[in-house]
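These are the residues of each chain, in order.
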Amino acid sequence: MSLDSPVSRRLLSDEVFHRLRDSIVRGELVPGEKVKDSELAERLGLSRTPVREALARLADIGLVEAKPGVYTRITPLNRRDAVKTLAVLRSLDQLAIETAVPVMTEQDLERMRDANRDFERAVAANDTAAALTADDRFHAVPIMASDNPVLSRIVEQLHPQIHRILYRKFSTLLGGRNTIEHHDQLVQVCATGDARAAAELSGRHWSELGGHINQLFDTNQFTEPATA
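Rules used throughout
Chains are numbered independently. Their residues run from 1 in the order of the written sequence. Side-chain atom pairs in this predicted model are given and counted only at pLDDT of 80 or more, local residue features only at pLDDT of at least 70, and totals for whole chains, interfaces and linings cover all residues. With hydrogens and water set aside, each side-chain value is computed from the structure's full complement of heavy atoms. A side-chain nitrogen of Lys or Arg and a carboxyl oxygen of Asp or Glu constitute a salt bridge if their distance falls within 4 Å. Accessible area is worked out with a 1.4 Å probe on protein chains only. A residue is then buried under 20% of its type maximum, exposed over 50%, and partly exposed in between. Numbering goes from the N terminus for both helices and strands, where a helix is a DSSP run of H or I of at least four residues and a strand is a run of E of at least two. Geometry of aromatic contacts follows a simple scheme: Phe, Tyr and Trp rings, the Trp one being its six-membered ring, pair when their centres are within 6.5 Å, and the pair is stacked under 30 degrees between planes, edge-to-face over 60, tilted otherwise. Criterion for a charge above a ring: Lys NZ or Arg CZ within 6 Å of the ring centre, and within 35 degrees of the ring normal. Among the buried residues, those of types Ala, Val, Leu, Ile, Met, Phe, Trp, Tyr and Cys that are joined through side-chain atoms within 4.5 Å form a nonpolar core. Any two residues whose heavy atoms approach within 4.5 Å are treated as being in contact.

As recorded in an unreviewed UniProt entry, the chain goes by the name GntR family transcriptional regulator, listed as coming from Streptomyces camelliae.

What follows is the structure, given as structure tokens:
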């Protein structure tokens, strides 16, 4: 949903948070852009209070940064932050898989296969939003099966920091056959019940993603034009 669409009064604070978060991920609010709660409130047709609350929550998860009395801005894309976030997500994903594989059902595996089929179709259609949604569904299966709400909550907080990179450079980072094949391989290994092998395979995929992201930083493909 567009940032400019009116927000209902129901669950107002959460809805504003999700609307702004998604706008940051999609690049509608670009890295380094200065934002004002009054202007965002006007665009959303709201008072400033829920917008301020949403910006504070976005700051807590690293998508917004503020210097009191000077600026509030969308956090610039930063190699150091990306590397550290990827390292944590890699470890959490491996933990989820190691915990989940021994208790995963055939229904869980079919959910992963179904998500990967949707991912493949989205890649073929060059539909970045649909592809990332399908990729999230794929990885959510072992996270849910691990039955660890703390792990799930932390992953949900960290994903947007990487998603905004993936959204900008999807075809380079996830748009090839290698990701589809990795998903297939992971399902196959999970089906054998070998939790350690599945976690190692997942870890290699995260490491490859980190290498690709580093290359993009090396070639300055995340440089932003100056913002007012």
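Moving on, there is more to tell.
(A) The arrangement of the pattern of salt bridges in detail. Within this structure, the stated rule accounts for 19 salt bridges. Here Asp81 and Arg80 are joined by a salt bridge, their closest N and O atoms 3.9 Å apart. Overall, the relative accessible area of 56% leaves Arg80 in the exposed class. For the salt bridge of Asp114 with Arg137, the shortest nitrogen-to-oxygen distance reads 3.0 Å. Taken together, the residues span a long stretch of sequence, with Asp114 in helix α5 (residues 106–124) and Arg137 in helix α6 (residues 128–145) at a distance of 23 residues. Bridged by salt links that share partners, the residues Glu106, Glu110, Arg113, Asp114, Arg117, Asp118, Arg121 and Arg137 form one connected network.

(B) Structural context of the packing of aromatic side chains. On inspection of all chains with the given rule, the structure shows 2 aromatic pairs. Look at Phe119 and Phe170: their rings are 6.3 Å apart centre to centre, the planes differ by 70°, and that puts the pair in the edge-to-face class. Taken together, the residues Phe119 in helix α5 and Phe170 in helix α8 (residues 170–173) connect sequence positions 51 residues apart. With relative accessibility at 0%, the residue Phe119 sits in the buried group. Taking NZ or CZ as reference, Arg57 lies 4.0 Å from the ring centre of Phe17, over its face.

(C) Highlighting the nonpolar core. One finds Phe119, Ile165, Leu166, Phe170, Leu173, Leu209 and Ile213 to be the most contacted residues of the largest nonpolar core, which totals 29 residues. Elements that contribute at least two residues to this core include exactly α4 (79–100), α5, α6, α7 (149–168), α8 and α10 (195–218). With 6 residues, α7 is the largest single contributor of residues to this core. Setting aside chain neighbours within four positions, we find Ile213 in contact with Ala82, Leu86, Ile165, Leu173 and Phe222. Leu12, Ala54, Leu58 and Val64 belong to the second-largest nonpolar core, a separate cluster that totals 19 residues.

(D) Structural view of unusual backbone geometry. Residues other than glycine seldom take positive phi values, yet Asn126 does so here, at roughly 55°. Structurally, Asn126 can be placed in the loop between α5 and α6. Judged by relative accessible area, Asn126 falls into the exposed class, the value being 56%. In this structure, Asp147 takes a positive phi of about 55° despite not being glycine.

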